[in-house]
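Structural overview
One-letter residues, chain by chain:
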4 protein chains.
Amino acid sequence: MSMTGVLRPGHVQLRVLDIEEAVVHYRDYMGLIETHRDDQGRIYLKGWDEQDWFSVVLREADDAGMDHMAFKVLDEETLWRLQSDLKKFGCDVERIPEGELDHCGERVRFVAPTGHVFELYANKDHHGNGIPTTNPAPWPEGLKGMQAVRFDHCLVYGEDLDASVKLFTEVLGFQLTEQIVDGDLQLAAFLTCSMKAHDVAFIRQEGPGKLHHASFLLKTWEEVLRAADIISMKDIPIDIGPTRHGLTRGQTIYFFDPSGNRNEVFAEDSHVYPDTPVLTWTADNIGQAIFYHSRELNERFMGVTTGA
Amino acid sequence: MSMTGVLRPGHVQLRVLDIEEAVVHYRDYMGLIETHRDDQGRIYLKGWDEQDWFSVVLREADDAGMDHMAFKVLDEETLWRLQSDLKKFGCDVERIPEGELDHCGERVRFVAPTGHVFELYANKDHHGNGIPTTNPAPWPEGLKGMQAVRFDHCLVYGEDLDASVKLFTEVLGFQLTEQIVDGDLQLAAFLTCSMKAHDVAFIRQEGPGKLHHASFLLKTWEEVLRAADIISMKDIPIDIGPTRHGLTRGQTIYFFDPSGNRNEVFAEDSHVYPDTPVLTWTADNIGQAIFYHSRELNERFMGVTTGA
Amino acid sequence: MSMTGVLRPGHVQLRVLDIEEAVVHYRDYMGLIETHRDDQGRIYLKGWDEQDWFSVVLREADDAGMDHMAFKVLDEETLWRLQSDLKKFGCDVERIPEGELDHCGERVRFVAPTGHVFELYANKDHHGNGIPTTNPAPWPEGLKGMQAVRFDHCLVYGEDLDASVKLFTEVLGFQLTEQIVDGDLQLAAFLTCSMKAHDVAFIRQEGPGKLHHASFLLKTWEEVLRAADIISMKDIPIDIGPTRHGLTRGQTIYFFDPSGNRNEVFAEDSHVYPDTPVLTWTADNIGQAIFYHSRELNERFMGVTTGA
Amino acid sequence: MSMTGVLRPGHVQLRVLDIEEAVVHYRDYMGLIETHRDDQGRIYLKGWDEQDWFSVVLREADDAGMDHMAFKVLDEETLWRLQSDLKKFGCDVERIPEGELDHCGERVRFVAPTGHVFELYANKDHHGNGIPTTNPAPWPEGLKGMQAVRFDHCLVYGEDLDASVKLFTEVLGFQLTEQIVDGDLQLAAFLTCSMKAHDVAFIRQEGPGKLHHASFLLKTWEEVLRAADIISMKDIPIDIGPTRHGLTRGQTIYFFDPSGNRNEVFAEDSHVYPDTPVLTWTADNIGQAIFYHSRELNERFMGVTTGA
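Residues numbered from 1 in each chain as written. Chains lettered and ligands numbered in written order. Predicted model: local features only at pLDDT ≥ 70, side-chain atom pairs only at ≥ 80, totals over all residues. Heavy atoms only, no water.

What to know about the interface of chain B and chain A
- Tallying the contact residues gives 46 residues for chain B and 47 residues for chain A.
- Across the chain B/chain A interface, buried area totals approximately 4200 Å², and carbon plus sulfur atoms make up 55% of it.
- When residues of chain B are sorted by the area they lose upon contact with chain A, B:S2, B:R249 and B:Y273 head the list and together hold 15% of the total.
- Counting every contact that joins chain B to chain A gives 8 salt bridges.
- A salt bridge links A:D275 to B:K72, with the nearest nitrogen and oxygen atoms 2.7 Å apart.
- For the pair chain B and chain A, the number of links is 20 residue pairs in polar contact (both at pLDDT 80 or more).
- For the side of chain B that touches chain A, the secondary-structure elements that each account for two or more residues are β1 (6-16) and β17 (279-282) of chain B.
- A class-by-class count of the residues in the side of chain B that touches chain A yields 20 nonpolar, 15 polar and 11 charged. (Contact = heavy atoms within 4.5 Å. Buried area = accessible area lost by both parts, 1.4 Å probe. Salt bridge = Lys/Arg side-chain N within 4 Å of Asp/Glu carboxyl O. Polar contact = N/O pair within 3.5 Å; in protein donor to acceptor, adjacent residues only side chain to side chain. Helix = DSSP H or I, 4+ residues; strand = E, 2+ residues; numbered from the N terminus. Nonpolar A, V, L, I, M, F, W, Y, C, P; charged D, E, K, R; others polar.)

Below you can see the structure in the form of structure tokens.
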């Protein structure tokens, strides 16, 4: 098998202020599939083309933000090896028992130096993507709203960027794909555990554990337009877009869920291999790095996050 | 590092009857970048978004066909390990010295049970994709024709499908992504060493070592239309398309180079992980498996190949 | 007012063998909106972005085909003027009373020299396009299937092409936009009463009054792909496509309703003014004229029609 | 003939500060075709799919802005009839002799109540669209930059909106397609002489004769993305986009030529007939009317114009 170690972002657990309002947003507007509600009242959803039982968990709480982001690893052997490596790196590691999230196996939880809670797990129940595995159609009927394909990545803000990048690259085997630098200082790091332009990204900002956005894949730039139309039709607060990122070349639009968590939907436009050169954006060109067309950061994009 | 072992299709060496006619086709019409001509008169080209020095080698000969398809592996250690594993599997293995192809390191050559010559190599000179690695634009100026992004895969025909699939999966670490089956008989196997729907594919057909097509990636379905227009404008013999494949969901068009080698350009529409279920198409539905819209095979598609 | 005379194809009345099967095809698969059923059991539908009450009427009968194609004219004054002009031209003209079709005003019926029944009318009840006229969204929610935008044109086969073209251009004010010629013989004539590449088209073929296809507009080439997928998913008999026409540059796919009437859905790619040059395709290049990519006619496309 | 009277925007003459800098912008970046330079040093260009000799004239001057916008009318009879009607309406009318602009016939010039100079003409030399009229390809080779298809419309700012709208609708036969209203006050009027969503548009603002933007058609939303990329790659000042307009549903991006004249490139998404209802946007929703996604006007869009 060529892909080993950490496979992909498996899910993100988000705090929302009103869970019924939230599920309308994620299910009816973004088009995620609701697959489960648990005893604690958490709602589980997935992008239509994901195979596992869920990739988003909504939890009602008094403040918005990300509880944790979890990565699926190849197998249990990998899980225990990585648990051990995380400890060696100096992380506090906690084991979350199977069934704390329904349909999910045991998880290994750790806090990254930037203050974000991440988890690893090897097992999650198989749900399927709504298409048979024999003679499958290219897409299922009955999709809603933006028709999000999969949970793709999170971008998070935190102070100790260097240590989090070190942890993800040296312990978890991620690869740096793109970065923003100010001289010797790395301001942003885009990291992949696959061929994607990013599976997680860090921005250096004060304060621990902030979520900038959770991102979901769409198929095409035309689907980004459709998402943008829905954002207006459903009166969803927009941040910015449609536009292209310089970083990753992604075709994107940003908006907020009813609790203030930022979402992205985007179409991807690049791929990386282990031998692909790192792309570097310079701080004096940060506007173009982030919003390729306007070449200007808006304050909202830099300033608004949801909590740890 | 999550990606290990065999990384990707690195290049294909094709035999063409008239090399100057061929280079017009591959460079001016398909939009590959010519990067080199060697002492033997071979012409080297690459898709614009590939980083290594070449991914297509054209060699003038008396008959058309594929000389070999080569895969890049992660590093030399991997190369020698796989050489040893190939020998254990029973393959005759030949070492092709560095410089037999300019800009390419030593290669390990073997013949698969279907009669095709494959190679592995760990090193090829870096060329770049025409965009700086600092503050890169999303695409370079001056692209021609179909603007092919990368050499993506080959599909080959041969008798001993089972043994070739065994070799690629058990020795080289490829993953079966999709297949056509007639009862217990596997008629087609699509194999990946990455997240792509296929890096190589085999169809069970009589006779050894036939090339069905060499395939190149385009960005979008709109680019497939543009390619189709160019095929007509340049009077390129078409096979079929634009259409979608059932297998892989790819959006595709097939045509022939002036020597009769079949080419595909396509936009991709899926991704796989090690835990993605294998998709199976049944022989009674082979038309839809291959051409999702017409649901009919044309004779040309099944019958015309170029030689070993 | 710059647009006068005949405005547009207003509706087509089609004969179908099983009306409930037909309405599933036109409503659920093609995405037309069902707006009415009349006392005779006829079913009325419209493309979502059409304003009038209907643009397709399905009538159950023992054979398939087109009963008539009707054009909306600017106003009643125009209607009576054109009635008079048709009589002068030598047409038998019949007045069909208001209410023969519900929601439609009085119609002027005539038989063209190619044996097709055409009608003119000035009034049809306004239905709206499902979007308010104050602060409208760009598209309505709840569209189905191929999301056909509007009934666009018919292409019909008949012997006396010259006289029908003379009637449409000299009496009804249509403009020849494109044609296929074999020396001095016009084999096909594409005619517009607007800026569209065609509002009606005639092909010279033996036998009177044949319908080749009724055509409906889609928004984009990506929507043509989606339509093609639906054709396969719903097991709709396909004729050909997706492809581009040489004539009109349209991006197209052809298929059949359950009764054997041919439909087209397409995205348009050109516009004409009164001073736009006529485009001519030569008979030796008829394949490219009709199917720009394959440059080959298929027999089915030329041979299969539904009756007068 | 169904289309009569005023046919289309025929050209716009723009003042630019440095004509060589301007021609790089309009020709190399926007992709207009340079077709002529006259004795006065003016440069003539056209969109690739326009048939007449030019649709943009650049004139070097000390300030930026629009000299005049000219409409082509059906024929000379129409021209003289409209000249007479303009006089009756109370306009000062001036006849500009044939040859004042090379390749253009005699023009009838008048100043609209908003202070803008408009012209009508019946004749302009035929240039062609770079594709033969026999067996034409769908597009010509060698297009540059944004590959603008045609000059589409201008949007202008002025005080006496009511009178200019009266003149265009009552004298010149234009149709109101969409408007912004604040109670009884019309703030914006979009007017067509064809099936397009607008051939000219007026916004009520203080001061006479201001140009807001000159607009050019692109084929698709994907081409809008490509234009947006070019804007950044060529360091062209952007105003806003890519986005969609509420008004007209157009898919758009705005930017500035080197002299500060605002340009738009856009893909169209609607069509109108004489019986299409007028769409009305309310002043309290003006943000969505103009920028459908962000639902917010930016100051630059409202405030920056170039002079009379």
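Now that the structure has been shown, we can carry on.
Quick look at the relation of the copies chain B and chain A
- Aligned on chain A, chain B shows an RMSD of 0.0 Å; the corresponding rotation is 180° and the shift along the axis is 0.0 Å. As the rotation angle and translation indicate, the two copies are arranged about a two-fold axis. Considering only C-alpha atoms, the residue of chain B closest to the rotation axis is B:M3, which sits at 2.3 Å.
- Mapped onto chain A, 100% of the interface residues of chain B again fall at the interface, so both copies present the same surface. (Least-squares fit on C-alpha atoms with pLDDT ≥ 70 in both.)

Examining helix α4 (residues 221-233) of chain C
Residue and element names in this part refer to chain C.
- Helix length check: α4, at 13 residues, gives a terminal C-alpha distance of 18 Å against a target of 18 Å (1.5 Å per residue), a fit within 8%.
- The buried count for α4 comes to 11 of 13 residues, which makes it a mostly enclosed element.
- When α4 is considered as a whole, its buried residues turn out to be W221, E222, E223, V224, L225, A227, A228, D229, I230, I231 and S232.
- Backbone geometry just downstream of α4 places D235 in the positive-phi region, at approximately 55°. (Expected span 1.5 Å × (residues − 1). Buried < 20%, exposed > 50% of the residue type's maximum accessible area, 1.4 Å probe, protein only.)

Digging into the interface of chain B and chain D
- Contact residues are listed per partner, giving 12 residues for chain B and 12 residues for chain D.
- When chain B packs against chain D, close to 1100 Å² is buried across both sides, 58% of that on carbon and sulfur atoms.
- If you sort the residues of chain B by the area they bury against chain D, B:W139, B:E222 and B:M233 come out on top, with a joint share of 53%.
- The tally of links between chain B and chain D comes to 2 salt bridges.
- In this structure, B:K234 engages D:E141 in a salt bridge whose closest nitrogen and oxygen atoms are separated by 2.9 Å.
- Inspection of the region where chain B meets chain D yields 6 residue pairs in polar contact (both at pLDDT 80 or more).

What to know about the environment of D:T35
Residues and elements named next belong to chain D.
- Within the secondary structure layout, T35 lies in strand β2 (residues 33-37).
- Classification of T35 as buried rests on a relative accessible area of 15%.
- In this structure, the C-alpha to C-alpha distance between T35 and L45, residues 10 residues apart in sequence, is 5.4 Å.
- With residues near it in sequence (within four places) discarded, T35 still touches Y44, L45, K46, W53, F54 and H127.
- Within the structure, T35 has its side chain in polar contact with the backbone oxygen of W53 (distance 2.8 Å).

Notes on the sheet that holds β1(B)
Residues and elements named next belong to chain B.
- Reading across from one edge, β2-β3-β4-β1-β5-β8-β7-β6 is the order of the 8 strands in this open sheet, with mixed pairing throughout. Lying at the two open borders of the sheet, with one neighbouring strand each, are β2 (33-37) and β6 (93-96). Each strand axis lies, on average, 25° off the axis of its neighbour in the sheet, ignoring direction. (Pairing = 2+ DSSP bridges. Axes fitted to C-alpha atoms, helices over the stretch in contact; angles between N-to-C directions.)

Comments concerning the packing of aromatic side chains
- Tallied over the entire structure, the rule returns 50 aromatic pairs over all chains.
- Ring centres of C:F118 and C:F168 lie 4.9 Å apart, and the angle between their planes is 75°; on these two criteria the pair is classed as edge-to-face. Note that C:F118 is positioned in strand β8 (residues 117-121) and C:F168 in helix α3 (residues 161-171), a separation of 50 residues in sequence. Take C:F118 and C:F168: they sit in the same class, and that class is buried.
- When the centroid spacing of 6.0 Å and the interplanar angle of 65° are considered together, the rings of D:F71 and D:F168 count as edge-to-face. You can see D:F71 sitting in strand β5 (residues 65-73) and its partner D:F168 sitting in helix α3 (residues 161-171), a full 97 residues away along the chain.
- On the accessibility criterion, D:F168 (0% relative accessible area) is buried.
- Among the aromatic residues, ring-to-ring pairing joins A:F71, A:F110, A:F118, A:F168, A:F174 and A:F202 into one connected group. (Phe/Tyr/Trp six-rings, centres within 6.5 Å; stacked < 30°, edge-to-face > 60°.)

Quick look at the side chain of C:D152
Residue and element names in this part refer to chain C.
- When you line up the elements, D152 lands in strand β9 (residues 150-158).
- The exposure class assigned to D152 is buried, which follows from its relative accessible area of 1%.
- A distance of 2.8 Å separates polar atoms of two side chains, one belonging to D152 and the other to R150.
- Beyond its immediate sequence surroundings of up to four residues, D152 is in contact with P9, K196, H198, D199, S215, F216, L217 and F266.

A closer look at the pairing of β8(C)
All names here are of chain C.
- Of all the 5 residues making up β8, 4 are buried; the element is thus mostly covered by neighbouring parts of the structure.
- Both strand β5 (residues 65-73) and β8 contribute to a ladder of 4 bridges, which runs parallel. Each bridged residue has a counterpart across the sheet, and for A70 the counterpart in β8 is E119.
- Here strand β7 (residues 107-111) folds back onto β8, and the loop between the two strands holds 5 residues, one of which, G115, carries a positive phi near 90°.

Observations concerning the relation of the copies chain B and chain D
- For the pair chain B and chain D, the best superposition has an RMSD of 0.0 Å and corresponds to a rotation of 180° with a translation of 0.0 Å parallel to the axis.
- The fraction of interface residues of chain B whose copies in chain D are also interface residues reaches 100%, indicating that both copies meet through the same surface.

Describing the state of the cysteines
- Overall, the coordinates contain 0 disulfides over all chains when judged by the stated rule.
- Not part of a disulfide, A:C104 finds its nearest cysteine sulfur in A:C154, a span of 15 Å.
- Here C:C193 is not cross-linked by a disulfide; its sulfur's nearest cysteine counterpart is in C:C154, at 12 Å. (Disulfide = S-S within 2.5 Å.)

Notes on the packing of helix α2 (residues 76-89) of chain A against helix α3 (residues 161-171) of chain A
Residue and element names in this part refer to chain A.
- Between α2 and α3, whose axes approach to 11 Å, the crossing angle comes to 145°. For the crossing formed where α2 meets α3, the hand is right-handed. For the pair formed by α2 and α3, the contact residues are L82, D85, L86 and F89 on the first element and A163, K166, L167 and V171 on the second.
- Class assignment of the residues belonging to the contact of α2 with α3 gives a composition of 6 nonpolar, no polar and 2 charged. (Left-handed = near helix turned anticlockwise from the far one by under 90°.)

Some points on the nonpolar core
- Core analysis: the biggest nonpolar cluster contains 176 residues, and B:L172 and C:L172 have the highest contact counts within it.
- Here C:L172 is in contact with C:V6, C:L82, C:L86, C:F110, C:L120 and C:L167, once residues within four sequence places are set aside.
- Core analysis: the second largest hydrophobic core is formed by 175 residues, A:V23, A:L86, A:F174 and D:I230 among them. (Core = buried A, V, L, I, M, F, W, Y, C linked by side-chain atoms within 4.5 Å.)

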